[in-house]
Amino acid sequence: MLEEAWTLSPSVALRPEPFGALAYHFGNRKLTFLKRRELVALVRGLDEHIDVRAALTATGIPEDQHDAYAVALRGLADADMIRPRTATTEDAR
Amino acid sequence: MTELAERPTTGSLVQQFEYGLDAPICLTWELTYACNLECAHCLSSSGRRDPRELTTAQCEAVIDELQRMQVFYVNIGGGEPTIRPDFWHLLEYAVDRQVGVKFSTNGVRITPERARFLASTDYVDVQISVDGATAEVNDYVRGPGSFDTAVRALANLQDAGFRDAKISVVCTRHNIDQLDDFKALAERFGATLRLTRLRPSGRGADVWDELHPLPEQQRQLYDWLMAHGDRVLTGDSFFHLAAFGESLPGLNLCGAGRVVCLIDPVGDVYACPFAIHETFLAGNLLTGGFQQVWQTSSLFAQLRSPQTGGACASCSFYDSCRGGCMAAKFFTGLPLDGPDPECVQGYGELALAGNRVVPAPSQDHSKTAPTRSQPVMLTLTRREEIDAAPVTACASNPLAGYTLPRSLARP
């Protein structure tokens, strides 16, 4: 995953909260909690970087934590909170 | 104003929720106190419209604010919300602003035409209230004809292609044995079953003693939820049952003023939908908006500060049930830092047997004169020792009690 390009799903809204953020998916109505502010910054920044690793570095997350963040992102992907960035989404930007 | 304790930045989600959120996750908005029914256990003592009811423009302003606060959906109820003439307009207004709507109705206005409209919308959930799987059990508390109305609404929704309506059931002493029947009813209409707890709030206070599930029924409900809970919604209603052992799915936390609250038809904001009483009134949104009430009310600050377990602190189950439901305690006259009246460890019964004063209601919109919709909470029964219709002795034998004079008797 670290070498792939990802983005926040178009049907997801992030609401800032003191502990991080609340992510709501308007399509499947799932509510997910992002419990760390670093994770929120990372998810918001996915779109602006060539791959996940670049987004992690830009968010200032130490390299030894990259794998743990990849696990968290995988969980978000399972709920369709984030999606792989495809050529189509690239074109749409 | 109570000073908030320093908020920790780490800790479990439940701990974070106890300190409150910037906006509610689950907001209930009762649009009107007017209702065509007069359910015996109505949480909001509904019946008559309040003349101060928010206008259409005021309701639109509330929706605009909810959109700004990113409240992603509201639970709309009442009273019967669909009898507000602007109900369908407000529904579209909200959905168009990314505020999803889940509304509770007794089904009275879910005509085939409205059902088709609902099927064409996205982001709307419909919840039909049914408190018995048969007309007999349902109409006993919801009033004559209410079961047929609800079933007709479910049929209209299904025929229109509306998917996954919810059937919302308040669990009572009379319907706990019907849990499987409710599930079958939901399956028949392609709906999802939602079970919630009977609260002694509003008119519920008058009938709670008669209707709340008995201790062994609490266990029956818990076992049923453990077996079927993954496909049944509960609105996190039964966290007091967590003290039976394993927690039920959900947050298992009292969200009052922390993640939930209630806006009533006149714009008063209460800590939760089951606590319509001045004790839990945080403010009115007409003064400075909803956000101001949510974020600055001293009542909410207090509810978000760390709570002590009180009399429950020494109970080994306190961490599972957190002392139960605040509203259930308040409306049965029990201390808020003691056991829930339906505490499954039995402490509730002890508390109920002690000295307590049930608080007087602070508002009541019940109809002043009963109508034909009023439930008749009487059960016709017969005396068990009688096994035949009463008859006079001579109806069974024309000569009953007659003995022939000795002179006429044959030798």
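Residues numbered from 1 in each chain as written. Chains lettered and ligands numbered in written order. Predicted model: local features only at pLDDT ≥ 70, side-chain atom pairs only at ≥ 80, totals over all residues. Heavy atoms only, no water.

Student: I would appreciate a short explanation of empty space enclosed by the protein in the present structure.
Tutor: One water molecule sets the probe size; rolling that probe over the atoms shows where empty space is left. Residue and element names in this part refer to chain B. Evaluation of the coordinates by the stated rule reveals four cavities of 30 Å³ or more. Estimated volume of the largest cavity: approximately 90 Å³. Forming the boundary of the largest cavity are His240, Ala243, Cys312, Cys315, Cys321, Gly323, Pro339, Asp340, Cys343, Val344 and Tyr347. Counted by class, the lining of the largest cavity contains eight nonpolar, two polar and one charged residues. Together, Cys171, Arg197, Leu198, Pro213, Gln218, Leu221, Phe238, His240 and Glu342 line the second largest cavity. (1 Å grid on protein atoms, 1.4 Å probe; cavity = no way out; pocket = protein on both sides within 12 Å on 5 of 7 lines; lining within 4 Å. Points joined across faces, edges and corners; volume = space filled by probe spheres on them. Nonpolar A, V, L, I, M, F, W, Y, C, P; charged D, E, K, R; others polar.)

Student: I would appreciate a short explanation of the packing of helix 7 (residues 179-188) of chain B against helix 9 (residues 215-228) of chain B in the present structure.
Tutor: Each pair of packed helices gets described by two things: the angle between the helix axes and the distance between those axes. Axis separation between helix 7 of chain B and helix 9 of chain B bottoms out at 11 Å; the angle between their running directions is 35°. Residues B:Leu179, B:Asp180 and B:Lys183 of helix 7 of chain B form the contact with helix 9 of chain B, whose participating residues are B:Leu221, B:Trp224 and B:His228. (Axes fitted to C-alpha atoms, helices over the stretch in contact; angles between N-to-C directions. Helix = DSSP H or I, 4+ residues; strand = E, 2+ residues; numbered from the N terminus. Contact = heavy atoms within 4.5 Å.)

Student: Help me out: how do you make sense of the sheet that holds strand 9 (residues 281-284) of chain B in this one?
Tutor: Whether parallel or antiparallel, the strands of a sheet pair through hydrogen bonds between backbone atoms. Residue and element names in this part refer to chain B. Within the open sheet, the nine strands sit side by side as 6-5-4-3-2-1-7-8-9. Their pairing is mixed. Edge strands, defined here as strands with exactly one partner in the open sheet, are strand 6 (192-197) and strand 9. Recorded for the sheet is a direction-independent mean angle of 25° between the axes of neighbouring strands. Where strand 3 (residues 100-105) meets strand 4 (residues 124-129), five bridges bridge the pair, whose relative direction is parallel. The residue of strand 4 that forms the bridge with Ser104 is Gln127. (Pairing = 2+ DSSP bridges.)

Student: How should I be thinking about the packing of aromatic side chains in this particular structure?
Tutor: Any aromatic ring pair is given by two values, namely how distant the centres are and how the planes are angled relative to each other. A full pass over the atoms with the stated rule returns 18 aromatic pairs over all chains. Their ring planes at 50° and their centres at 6.4 Å tell us that A:Phe19 and A:Phe33 sit as a pair that is tilted. Residue A:Phe19 is found in the loop between strand 2 (12-17) and strand 3 (20-25), and its partner A:Phe33 is found in strand 4 (residues 31-34); the two are separated by 14 residues along the sequence. Classification of A:Phe19 as buried rests on a relative accessible area of 3%. Ring-pair connections join several aromatic residues into one group, and the members of that group are A:Tyr24, A:Phe26, B:Phe72, B:Tyr73 and B:Tyr123. (Phe/Tyr/Trp six-rings, centres within 6.5 Å; stacked < 30°, edge-to-face > 60°. Buried < 20%, exposed > 50% of the residue type's maximum accessible area, 1.4 Å probe, protein only.)

Student: When you look at the sheet that holds strand 4 of chain A in this model, what are you seeing that I'm missing?
Tutor: Residues and elements named next belong to chain A. One open sheet accounts for three strands, arranged 2-3-4; its pairing is antiparallel. The open sheet has two free edges, formed respectively by strand 2 and strand 4, since each of these has just one partner strand. Taken pair by pair, the neighbouring strands of this sheet meet at an average axis angle of 20°, ignoring direction. Relative to strand 3, strand 2 runs antiparallel, the two being bridged by six bridges. In the strand pairing of strand 3, Ala13 is matched with Tyr24.

Student: Any chance you could explain the interface of chain B and chain A here in plain terms?
Tutor: One frequently used descriptor of interface size is the decrease in accessible area upon assembly of the parts. Contacts between the two partners involve 21 residues from chain B and, on the opposite side, 14 residues from chain A. With a shortest N-O distance of 3.2 Å, A:Arg29 and B:Asp125 are connected by a salt bridge. Counting across the chain B and chain A interface gives six residue pairs in polar contact (both at pLDDT 80 or more). Elements with a contribution of two residues or more to the side of chain B that touches chain A: helix 1 (13-18) and strand 4 of chain B. (Salt bridge = Lys/Arg side-chain N within 4 Å of Asp/Glu carboxyl O. Polar contact = N/O pair within 3.5 Å; in protein donor to acceptor, adjacent residues only side chain to side chain.)

Student: Whenever I open this one, the confidence of the model for chain B confuses me. Can you help?
Tutor: Close reading of the predicted structure is inappropriate where its pLDDT is low. Model confidence for chain B is summarised by a mean pLDDT of 91, while 97% of its residues fall at 70 or above. Across the interfaces of the predicted complex, the ipTM metric reaches 0.84, alongside a pTM of 0.87. (pLDDT = per-residue confidence, 0-100.)

Student: Sorry if this is basic, but what is going on with the nonpolar core here?
Tutor: Here is a general trend for soluble globular proteins: nonpolar side chains tend to be buried in one another's company. In terms of nonpolar packing, the biggest core is built from 96 residues, with B:Phe103, B:Leu118, B:Leu195 and B:Phe290 touching the most fellow members. Counting residues per element, this core draws most heavily on helix 3 (residues 87-96) of chain B, at seven residues. Each residue touching B:Phe290, except ones within four places of it in the same chain, is listed here: B:Pro24, B:Leu27, B:Glu65, B:Leu66, B:Met69, B:Cys261, B:Ile263, B:Val269 and B:Leu285. With 25 residues, the next largest nonpolar core counts A:Val12, A:Leu39, A:Val43 and A:Ala79 among its residues. (Core = buried A, V, L, I, M, F, W, Y, C linked by side-chain atoms within 4.5 Å.)

Student: Would you mind showing me how to read unusual backbone geometry here?
Tutor: What you tend to see is this: most non-glycine residues have negative phi, and most peptide bonds are trans. For the bond running from B:Gly78 to B:Gly79, omega is 15°, close enough to zero to count as cis. Despite not being glycine, A:Arg29 shows a phi value in the positive range, around 60°. Looking at the element boundaries, A:Arg29 is found in the loop between strand 3 and strand 4. Taking relative accessible area as the criterion, A:Arg29 reaches 31% and is therefore assigned partly exposed. Positive phi, close to 45°, is recorded for B:Ser45, a residue that is not glycine.

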